[in-house]
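Single-letter residue listing:
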Amino acid sequence: MPEPSITVTVKLFAAYQEAYGVPELVLDFPSGSPVSAVLDRLINEHPQLQQWRNITRFGVNLQFVEPDTILQGGDEVALIPPVSGG
């Protein structure tokens, strides 16, 4: 029997948006996945993003969260790398 899945919207900023060329993605994950699974998947698809792994913050539904926060179906996930500029 297949594992149930959830769908989340991933908002992309800075290097993540540059890598994908779009401002957001809609992705499916197995139920019970932590928010860090989103980053793992993006780095797997675009290895050049690896340099941002340890300095990216996670937001879920407009709140900063820890990497082990479990995703729920319909969550809006933001991956927030350090940004600079003026």
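Please refer to the structure higher up on the page.
Read on for an overview of the structure.

1. Brief notes about the sheet that holds strand β3 (residues 57-60)
Step number 1: With mixed pairing, the five strands of this open sheet are ordered in space as β2-β1-β5-β3-β4. Single-partner strands in this sheet number two, and they are β2 (24-30) and β4 (63-65). The mean angle between the axes of side-by-side strands here comes to 35°, regardless of whether they run parallel or antiparallel.
Step number 2: Relative to strand β5 (residues 76-80), β3 runs antiparallel, the two being bridged by four bridges. Opposite V60, over in β5, you have V77 as the bridge partner.

2. Things to note about the pattern of salt bridges
Step number 1: Enumeration over the complete set of coordinates arrives at four salt bridges.
Step number 2: Here D40 ties to R53 by a salt bridge, and the two come within 2.6 Å at their closest N and O atoms. Note that D40 is positioned in helix α2 (residues 36-45) and R53 in the loop between α2 and β3, a separation of 13 residues in sequence.
Step number 3: Of the charged contacts in the structure, one is a salt bridge between R41 and E45, with a shortest N-O distance of 3.5 Å. Of the two residues, R41 and E45 both sit in helix α2, four residues apart, roughly one turn of that helix.
Step number 4: Among the charged side chains, a salt-bridge network with shared partners connects K11, E24 and E76.

3. Concerning α2
Since the α-helix turns once every 3.6 residues, residues separated by three or four places project in the same direction.
Step number 1: Every buried residue belonging to α2 is among S36, A37, V38, L39, L42 and I43, and all of these are buried.
Step number 2: Elements that come into contact with the buried residues of α2 comprise β1 (5-11), α1 (14-20), β2, β3 and β5.

Parameters at a glance
- Residues numbered from 1 in each chain as written.
- Predicted model: local features only at pLDDT ≥ 70, side-chain atom pairs only at ≥ 80, totals over all residues.
- Heavy atoms only, no water.
- Pairing = 2+ DSSP bridges.
- Helix = DSSP H or I, 4+ residues; strand = E, 2+ residues; numbered from the N terminus.
- Axes fitted to C-alpha atoms, helices over the stretch in contact; angles between N-to-C directions.
- Salt bridge = Lys/Arg side-chain N within 4 Å of Asp/Glu carboxyl O.
- Buried < 20%, exposed > 50% of the residue type's maximum accessible area, 1.4 Å probe, protein only.
- Contact = heavy atoms within 4.5 Å.

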